[in-house]
Every structure is written in structure tokens, then in C-alpha cells.
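Descriptive analysis of the structure
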Amino acid sequence: MRLAFDVPPSVAAARAIQERLRDRVIRTGSPDWSLVAGVDASYRGDVGRAAVVVMDRDLRVVEEAVAEAPIPFPYVPGYLSFREIPVLLAAWRKLRAKPELVVVDGQGLAHPRRFGVASHFGVVIDLPTIGCAKSRLIGAHDEPGRERGAWTPLTDGRRRIGAALRTRTGTNVVYVSTGHRISLAAAVRTVLALAPRYRLPEPQRLADQLSKRPWTSSASSA
């Protein structure tokens, strides 16, 4: 399992990393899994707090992990992974369970350089990952039908980079894209299966809530 991650000294260096590593992304696959994880991070000042929630196929919580650490990279649109992945890895390393699939709150292929946080995290941990974002970063799409399960392609020029998916009838869409080692079709099916009641997939929704619970008084990367 890959877990190495170096924080670049500049935005130019970060861009070079994205452009180099994006060729490692595998955009096909339909993972068979028994445990799925949702990951998310929140911020307070210059400290990040990451949460990982692991669930089984019945959407029962198997394990949770949280970590806090100083944010190592400034906020720059399109470079979220360099802020979040260090603290996400700190939480990930605490897990005893071994998820086979991960849902990341953010973009995968639906990114200006085709290498959003979901793809970056997937390459680092070498597992299938799905990007599921609440808002669009790039691209355009037709409005899907109002019913649950309706979706339309998210495109950038002539290229399909994701899907605008309705997970609940009448709610806003989520933006699903391939992170790593999964096809877009499989990602859409999986997100829909993981969201039987709410707009967000259950592991991601619970990770979002966990990342925002009361913080400890000091940051720790352990």
C-alpha cells in the first residue's frame, strides 16, 4: 500500500506533481467490496481535521478514525489535495479495518488537470476511489430528471469527465467522477447504492459530520 506524500514548496511544483501522477490513474474497473470508507476534512484556522468512516455492505459503521494536523499548503483552487491528503493519511493510518473502496468528498477526473483529490488520494493509497462533490469545479451538463437515479454526463469540451447524479428525488445533484481504479458507470452505480436516504453517500455523509464534531485543544498528526 502506497502512503508516501510530499508537500510541494510552491503551486508550480504542485501542478507538476499533478501532471506527473495523473498518468497513473486507472479509469476502469468495477470493484468488488465488502467494506467501503468515506473520507472528509474540515478546517479551523490553520489546522485540518480529517475523518474516515468505514461501513459494511449493509451500511453499518465498522470503524471510525479522526486526526488533526496543521495545514501544510495554502488554499488555491484546484490544489485541494495538497491541503487535505496529509491529514487524511494521518486518519487513514489509524484504521484497523481494510476498506476496498473509498468515497472522497471532492473531485476525481472532473478537475482542470484531471487529477483532483479523489484521484490523488486513490493513487497514494492504491485503492479504488470515487470523487463525489457537492458542487461543480469545471464542466457543463444538462439538468437530469427530478427522480432519484437520473443523471447526465458532465463534460469539458468533448470529453466526459463525470456525471451530475440525482441521489434523491427533487434534491440538488452531486457530481460523481472516477477517482482511481473504477469506471464512471461503476462510480455512479456505487454512489447511488450508498445513498439510500440522503443526498450524500452514507460513508461520506458520516465522515463529513465526524470531521466537524468538537475538536481537541491541540493538533496532532498521530
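Thoughts on the packing of aromatic side chains
Think of a pair of aromatic rings as described by two things: how far the centres are apart, and how the planes are tilted against each other in angle. Applying the stated criterion to the full structure yields 4 aromatic pairs. Seen from their ring centres, Phe5 and Phe82 are 6.0 Å apart, and the 40 degrees between their planes marks the pair as tilted. With Phe5 in the segment before helix H1 (11-21) and Phe82 in helix H2 (residues 81-92), the pair connects residues that are 77 residues apart, well separated along the chain. Of the residues examined, Phe82 reaches a relative accessible area of 0% and is grouped as buried. An aromatic cluster is defined as three or more aromatic residues linked by ring pairs; in this entry it consists of Phe5, Phe73, Tyr79 and Phe82. Seen from the ring of Tyr43, Arg83 lies directly overhead, with NZ or CZ sitting 4.7 Å from the centre.

Comments concerning the nonpolar core
By size, the foremost hydrophobic cluster in this structure holds 37 residues, and its most contacted members are Val39, Val52, Trp92, Val102, Phe121 and Ile125. When residues of this core are traced back to their parent elements, those giving at least two are H1, strand S1 (35-44), strand S2 (47-56), strand S3 (61-70), H2, strand S4 (101-104) and helix H3 (117-125). If one sorts the elements of this core by residue count, H2 sits on top with 8 residues. Contacts of Val52, omitting those with residues within four sequence positions, involve Ala37, Gly38, Val39, Glu63, Glu64, Ala65, Ala91, Trp92, Leu95 and Leu210. Of all hydrophobic cores here, the second largest spans 24 residues; its members include Ala51, Val188, Val191 and Leu200.

Looking at H1
Since one α-helical turn is 3.6 residues long, residues separated by three or four positions face the same way. All buried positions along H1 are accounted for by Ala14, Ile17, Gln18 and Leu21. Each buried residue of H1 lies within a common arc of 100 degrees when the element is viewed along its axis, so the set occupies one face. Along H1, exposed side chains directed more than 90 degrees from the buried face belong to Ala12 and Arg20. Tucked inside the fold, the buried residues of H1 contact H2 and H3.

Observations concerning the sheet that holds S3
Spatially, 8 strands are ordered S3-S2-S1-S4-S5-S8-S7-S6 in an open sheet, and the strand pairing comes out mixed. Both edges of this open sheet fall to S3 and strand S6 (151-156), since each of them pairs with a single strand only. Mean inter-strand twist for the sheet, computed between neighbouring axes without regard to direction, equals 25 degrees. The sheet contact formed by S1 and S4 spans 4 bridges and is parallel. From the neighbouring strand, Gly38 faces S4, where its bridge partner is Val103. Along the sheet, H3 contacts S1, S4, strand S5 (129-133) and strand S8 (174-180); its crossing angle with S8, the most-contacted strand, is approximately 30 degrees. Helix-sheet contacts for helix H5 (residues 202-211) involve S1, S2, S3, S4 and S5, and the interaxial angle to S2 is about 145 degrees.

Some details on the pairing of S6
Judged from the 6 bridges that link them, S6 and strand S7 (residues 159-165) form a sheet pairing that is antiparallel. Looking across to S7, one finds that Trp151 is bridged to Leu165.

Notes on the environment of Asp126
Relative to the assigned elements, Asp126 resides in the loop between H3 and S5. With 47 residues separating them along the chain, Asp126 and Tyr79 place their C-alpha atoms 20 Å apart.

Focus: unusual backbone geometry
The phi angle of most residues is negative, glycine excepted, and most peptide bonds adopt the trans form. The phi dihedral of Leu59 falls on the positive side, at around 60 degrees, and the residue is not glycine. Within the element layout of this structure, Leu59 appears in the loop between S2 and S3. The backbone of Asp126 shows a phi angle near 60 degrees, a positive value even though the residue is not glycine. Residue Asp126 is classed as partly exposed on the basis of its relative accessible area, which comes to 29%.

Regarding the side chain of Ser177
With respect to the helices, strands and loops of the structure, Ser177 is situated in strand S8. When neighbours within four sequence positions are excluded, Ser177 is seen to be in contact with Gln107, Gly108, Leu109, Ala110, Ile130, Gly131, Ile161, Gly162 and Leu184.

What counts and how
- Residues numbered from 1 in each chain as written.
- Predicted model: local features only at pLDDT ≥ 70, side-chain atom pairs only at ≥ 80, totals over all residues.
- Heavy atoms only, no water.
- Phe/Tyr/Trp six-rings, centres within 6.5 Å; stacked < 30°, edge-to-face > 60°.
- Helix = DSSP H or I, 4+ residues; strand = E, 2+ residues; numbered from the N terminus.
- Buried < 20%, exposed > 50% of the residue type's maximum accessible area, 1.4 Å probe, protein only.
- Lys NZ or Arg CZ within 6 Å of the ring centre and 35° of its normal.
- Core = buried A, V, L, I, M, F, W, Y, C linked by side-chain atoms within 4.5 Å.
- Contact = heavy atoms within 4.5 Å.
- Arc of directions from axis to C-beta.
- Pairing = 2+ DSSP bridges.
- Axes fitted to C-alpha atoms, helices over the stretch in contact; angles between N-to-C directions.

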